[in-house]
Structure formats: structure tokens, C-alpha cells
Amino acid sequence: MEGVGAIMKICGHEYKVVIDYVNDQKRKGDAFYFGHTQFSEGLIHLSPKTKRDVQEESLIHEVLHAALFHSNSKAEHNEGQVQAMAGALYQLGVGRFLWEKFKPKEKP
Ligand SMILES: [Zn+2]
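Every chain begins its residue count from 1, and numbering advances along the sequence as written. Given that the model is predicted, a residue must reach a pLDDT of at least 70 before its local features are reported, and side-chain atom pairs must reach 80 or more before they are shown or counted; all residues, however, enter totals for whole chains, interfaces and linings.

> Would you take a moment to explain the pairing of strand E2 (residues 13–18) for this structure?
Regular strands place side chains that alternate from one sheet face to the opposite one. Two elements, strand E1 (residues 8–10) and E2, share three bridges in a ladder whose sense is antiparallel. Looking at E2, one finds that lysine 9 is bridged to glutamate 14. Between E1 and the antiparallel strand that follows it, E2, lie two residues; cysteine 11 among them carries a positive phi value of about 55°. Two strands qualify as a pair provided DSSP detects at least 2 bridges between them. Note on conventions: DSSP H or I runs of at least 4 residues are helices, E runs of at least 2 residues are strands, and numbering of each starts at the N terminus. In the sheet, E2 pairs with strand E4 (residues 43–46) via three bridges, with the strands oriented parallel. Note that in E4 the partner of valine 18 across the bridge is histidine 45.

> I'm lost on the environment of histidine 70 in this one. Help?
With respect to the helices and strands, histidine 70 occurs in helix H1 (residues 52–71). Sequence separation between histidine 70 and glycine 12 is 58 residues, and the spatial gap between their C-alpha atoms is 8.8 Å. When neighbours within four sequence positions are excluded, histidine 70 is seen to be in contact with Ile10, Cys11 and His13. Note on contacts: residues are paired as contacts if their backbone-placed C-beta atoms lie within 7 Å.

> Mind showing me how you'd approach the sheet that holds E2 here?
Strands in a sheet are paired, the pairing made by backbone hydrogen bonds, and the direction either parallel or antiparallel. The strand order across the open sheet built from four strands is E1-E2-E4-E3, with neighbouring strands paired in mixed fashion. The open sheet terminates on both sides in strands that have one partner only, identified here as E1 and strand E3 (35–38). Mean inter-strand twist for the sheet, computed between neighbouring axes without regard to direction, equals 30°. Across the sheet, H1 touches E1, E2, E3 and E4, and the angle it forms with E3 is around 30°. Note on definitions: angles span 0 to 180 degrees between N-to-C directions of axes, and those axes are lines fitted to C-alpha atoms, for helices only across the stretch in contact.

> Could you clarify how one ought to interpret the environment of histidine 13 in this entry?
Tracing the sequence through the fold places histidine 13 in strand E2. Spatially, the C-alpha atom of histidine 13 lies 7.4 Å from that of glycine 42, the residues being 29 residues apart in sequence. Ignoring any residue separated from it by four or fewer positions in sequence, one finds histidine 13 in contact with Gly42 and His70.

> So what exactly am I meant to see when it comes to H1 here?
A turn of α-helix holds 3.6 residues, and therefore any two residues three or four places apart point the same way. Between its first and last C-alpha atoms H1 spans 28 Å; for 20 residues at 1.5 Å apiece the expected length is 28 Å, and the two agree. Field definition: a residue is buried when 20 or more other C-beta atoms are found within 10 Å of its C-beta, exposed when 12 or fewer are, and partly exposed for counts in between, with C-beta atoms placed from the backbone. The set of residues buried in H1 consists of Gln55, Glu56, Glu57, Ser58, Leu59, Ile60, His61, Glu62, Val63 and His65. Turning to H1, the residues buried within the fold contact E1, E2, E3, E4, helix H2 (79–91) and helix H3 (94–102). Helix span, expected: 1.5 Å multiplied by one less than the number of residues in the helix.

> What's the story with the packing of H1 against H3 in this structure? I'm lost.
In a packed pair of helices, the relevant descriptors are the angle between the two axes and the axis-to-axis distance. The geometry of H1 relative to H3 is characterised by a closest axis approach of 8 Å and an angle of 90° between their N-to-C directions. Taken together, the axes of H1 and H3 lie roughly perpendicular to each other. Contacts from Gln55, Glu56, Glu57, Leu59, Ile60 and Val63 of H1 reach H3 at Val94, Gly95, Arg96, Leu98 and Trp99. Residue polarity follows a fixed list, in which Ala, Val, Leu, Ile, Met, Phe, Trp, Tyr, Cys and Pro are nonpolar, Asp, Glu, Lys and Arg are charged, and the others, Gly among them, are polar. Taken together, the residues that form the contact of H1 with H3 break down as six nonpolar, two polar and three charged. For classification purposes, an angle smaller than 35 degrees is called roughly parallel, one larger than 145 roughly antiparallel, one from 65 to 115 roughly perpendicular, and anything else oblique.

Below, the structure written as C-alpha cells:
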């Protein structure tokens, strides 16, 4: 079991990353992505069953959703565009950066 890591501030709103997303591959529109964001709770859920690189890319994906939500909550979140940006930012090393900074801490 893992605890939570550092607080991530997205558009001024606090988020924590937790690795407990169990409904991977089940959600409509997000068929190939492995995370979920609860905007009202400030939680980004990532799947414990995916590889680290997939977790890192999923983290970017969810951060982009949160940024879009807080920038304009009525905006349609086009999954293809969000994932395209997540993939591009992942290639630039943004996923590793976010992961190292905000990953859940191991409980002692
Ligand atoms: Zn998505």
C-alpha cells in the first residue's frame, strides 16, 4: 500500500496522485487510458496494473484534463487531442518529471 505524495497545484487547485484506479479499460471514451480524475475531490487515480511509462503518460493525460476543467469547465475534452498532447509531452520527459515530483510515497 502506498500513501500520497506531494500536493500538485493545477490552475491553483490542489490534487493528489493515488495509485488505485481499478476500472481501467472500462470507461467510455477513455478506452485506452489508465487513469481517472475526480475534479471535486482533487484526486488523480492511476492504475496499479500498468507499467511505469504508461502511468507517467496517464498522469500527464489526467493533468491536462484537470487543467482544461479548471480553465473552462464547459469545454469539451476531446480525448484524442488530450492523448495526443499527453503523448507529445511524455516524449519530452514531462511524465517522468511529474512522476518524480508527485508520485505517492512508499509507506514505511
Ligand atoms: Zn481522458
